[in-house]
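What the coordinates show
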Amino acid sequence: MADYSNLESNLESEQTKHADFCEDCHQINLIDNQLQTLIQTQAIAKNRLTTVRQAPGCSTSILRGLDQQLIDEMNSIGPNSLVSFADLDVANGPAVHPFLQAVAKQSLARAIKARGRTLSVNSAYRTIAQQLMLFNHGKVRRCGIGVVAPPGRSNHQSGLALDINDEQGWRPYLEREGWRWFGPADRPHFDYIGRGTRNIRPVAVKAFQRLWNQYNPDKPIAEDGIYGRNTEARLNQAPIVGFGKTNNSTPEESLVRRLSLTQPYLEGDDVREVQEALVKATITVEVDGVFGPATEKAVKEFQKLKDLTVDGIVGPTTRSALGL
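Each residue is numbered by its place in its chain's sequence as written, counting from 1. Totals for whole chains, interfaces and linings use every residue, but because this is a predicted model, local features are given only for residues with pLDDT of at least 70 and side-chain atom pairs only at 80 or more, for both listing and counting. Calculated side-chain values reflect all of the structure's heavy atoms, with hydrogen atoms and water omitted.

1. Description of the overall build of the protein chain
Counting from the N terminus, the helices are DSSP H or I runs at least four residues long and the strands are E runs at least two residues long. Regarding its fold elements, the protein chain presents 14 helices and nine strands. Going through the 324 residues of the protein chain one by one, you find that 54% of them count as buried. For the protein chain, the share of sequence-separated contacts (at least 6 apart) that also reach a separation of at least 24 residues comes to 66%. All accessible areas in this document rest on Shrake-Rupley with a 1.4 Å probe, and a residue is counted as covered only by the protein chains that are shown. Counting every atom, the protein chain has about 14,300 Å² of accessible surface; 49% of that belongs to carbon and sulfur. Here's how the labels work: a residue is buried when its accessible area is under 20% of the maximum for its type, exposed when over 50%, partly exposed in between, all with a 1.4 Å probe on protein chains only. Should any heavy atoms of two residues lie within 4.5 Å, those residues are counted as being in contact.

2. Describing the sheet that holds strand β7 (residues 189-192)
DSSP bridges decide pairing: two strands pair if at least two such bridges lie between them. Taken together, five strands build an open sheet; the order of strands is β2-β4-β5-β7-β6 and the sheet is mixed. The sheet is open, and its two edges are formed by β2 (90-92) and β6 (179-181), each paired on a single side. With strand direction ignored, the average angle separating the axes of adjacent strands in the sheet is 40°. Of the pairings in the sheet, the one linking β6 to β7 comprises three bridges and is antiparallel in character. Bridge assignment links Arg-180 to a residue of β7, and that residue is Asp-191. Interaxial angle, 0 to 180 degrees, is taken between N-to-C directions of lines fitted to C-alpha atoms, where a helix line uses only the stretch in contact.

3. Digging into the environment of Pro-293
With respect to the secondary-structure elements, Pro-293 resides in helix α13 (residues 293-305). You can call Pro-293 partly exposed: its relative accessible area is 45%. The sequence separation of Pro-293 and Leu-261 amounts to 32 residues, and the corresponding C-alpha distance is 6.7 Å. Residues in contact with Pro-293, not counting those within four places in the same chain, are Leu-261 and Tyr-265.

4. Quick word on the environment of Phe-291
Positionally, Phe-291 belongs in strand β9 (residues 290-291). Look at Phe-291 and you get buried, because its relative accessible area is 0%. The sequence separation of Phe-291 and Leu-261 amounts to 30 residues, and the corresponding C-alpha distance is 6.2 Å. Residues in contact with Phe-291, not counting those within four places in the same chain, are Leu-259, Ser-260, Leu-261, Tyr-265, Leu-266, Val-271, Glu-296, Val-299, Gly-312 and Val-314.

5. Notes on the pattern of salt bridges
By definition here, a salt bridge exists when the distance from a side-chain nitrogen of Lys or Arg to a carboxyl oxygen of Asp or Glu is within 4 Å. Tallying each qualifying case throughout the model produces six salt bridges. In this structure, Glu-73 engages Arg-210 in a salt bridge whose closest nitrogen and oxygen atoms are separated by 2.8 Å. Pair noted here: Glu-73 is in helix α5 (residues 64-77) and Arg-210 is in helix α9 (residues 201-215), with a separation of 137 residues, a long-range link. The class of Arg-210 is partly exposed, set by a relative accessible area of 26%.

6. Focus: the pairing of β7
Neither face of β7 is exposed, since His-189 and Asp-191 on one face and Phe-190 and Tyr-192 on the opposite face are all buried. Bridge analysis of strand β5 (residues 161-164) against β7 gives three bridges, and the strand direction is antiparallel. Paired with Ala-161 across the two strands is Asp-191, which belongs to β7.

7. A look at the pairing of β5
On β5, burial covers both faces: Ala-161 and Asp-163 on one face and Leu-162 and Ile-164 on the other are all buried. In terms of strand pairing, strand β4 (residues 119-123) meets β5 through two bridges, oriented antiparallel. Within β5, the position partnered with Val-121 by the bridge is Ile-164.

8. What to know about the packing of aromatic side chains
Note on ring pairs: Phe, Tyr and Trp rings are taken, using the six-membered ring of Trp, and paired if centres are within 6.5 Å. Classes follow the plane angle, with under 30 degrees stacked, over 60 edge-to-face and the rest tilted. In this structure the tally under the stated criterion is six aromatic pairs. Through successive ring pairs, a cluster of aromatic residues spans Phe-208, Trp-212, Tyr-215 and Phe-243. In this structure, Arg-115 packs its charged tip against the face of Trp-170, placed 4.8 Å from the ring centre. Criterion for a charge above a ring: Arg CZ or Lys NZ at most 6 Å from the ring centre, at most 35 degrees from the ring normal. Directly above the ring of Tyr-173 sits Arg-176, whose terminal nitrogen or CZ lies 5.0 Å from the centroid.

9. A short note on α9
In a helix, the anticipated span is given by 1.5 Å times the number of residues less one. Under the 1.5 Å per step criterion, the end-to-end length of α9 is 22 Å for 15 residues, consistent within 8% with the ideal 21 Å. Taking burial as the measure, the 15 residues of α9 include twelve buried ones, the bulk of the element. Within α9, burial applies to Arg-201, Pro-202, Val-203, Ala-204, Val-205, Lys-206, Ala-207, Phe-208, Gln-209, Leu-211, Trp-212 and Asn-213.

Structure follows, in C-alpha cells:
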C-alpha cells in the first residue's frame, strides 16, 4: 500500500493534466465491439507470439489475456483499485471490461436502481494495452478510427468513465449521482466526478512495467508508473495472450473466460469446472454450471482463504490457485 500511495502523491498532477481528452467514443465503440473471434483465434493459433503492435483486426477484445493480467496486477499493487460492476443490471458489449473505482460503482448502482431498467454499456475501463492498440489504429486511420487519446490520457483509463446507450434517458439519473455528461462532442460518454476517487493511471502503468520486468529480466524498464517511450516500446512488444502463456498455452487456453456474477448469470462447463475445484478445496457450493450469487460467495471465501484479492472474479490468479 505504501508503494501505491507514493505513486498517487507523486503523480497527482497527472490526473488534472490528462482530464477531458475528447475521443470519438461513438466510432471507437462501433469498431471495438465487433465480434471477430474466428479471425482472432486463427491469428493466435498461427503465431502465439503475436504482440500488441501486430494485433490483427480492429477490436481490442483480442487483448483479453493480457488485459486480465494487467487488471489483476493493478489490484495487487493497490487492492480494489478496480471493482467489477458486472453484478449490476447492465448489458455489456463484448469488448467491455466492467470495472470502475468502488465509489463510482456505488453511485452507478444507485442510478440504475432509480431508473429501474438495464443499462447498456459500450465501454468502461480500458487497459493501457487496449488504449495503445486503438492509438496505433488512430495514427494511420485504420479501422475508421480517428481521434484517440494517447495511452495514459484517456478518461477511460481512470476507472471513472462509461460510454452508454440512451445517454439522454440516463442523464438525469446519472447526474444526480455525481456523473457528468461530456456533451455533444462525445455523446455516449459520462465521467464520475464525485468524492472519494483516486488517480489510478500511474498504477496501471506500473502494473505493466512490473509484468514486463518479471518476464523479461534481461531487458528491464523503470517501475515508476510513468508512461514514456521505453514503456510504450515494451508495451507494443507485449504478447496479446498475456505473459507466460506464449510458449505453452493453446489458443483456447489463452481465451479463457473471466467468470463473475453477471446479469444474466454465466453458464457453462467452465463454471462447472470452477465449482468442482471449489468443492475439492472444501468450499461448499452447488455444482450446477451456473455462476450465481452462491458461486460468487464461494469464490470470495476461497480467495480470502488463499489471501487473494477478494472480488468474486475468477481470473488467471484465482484459476491458478484453484489448480485450473
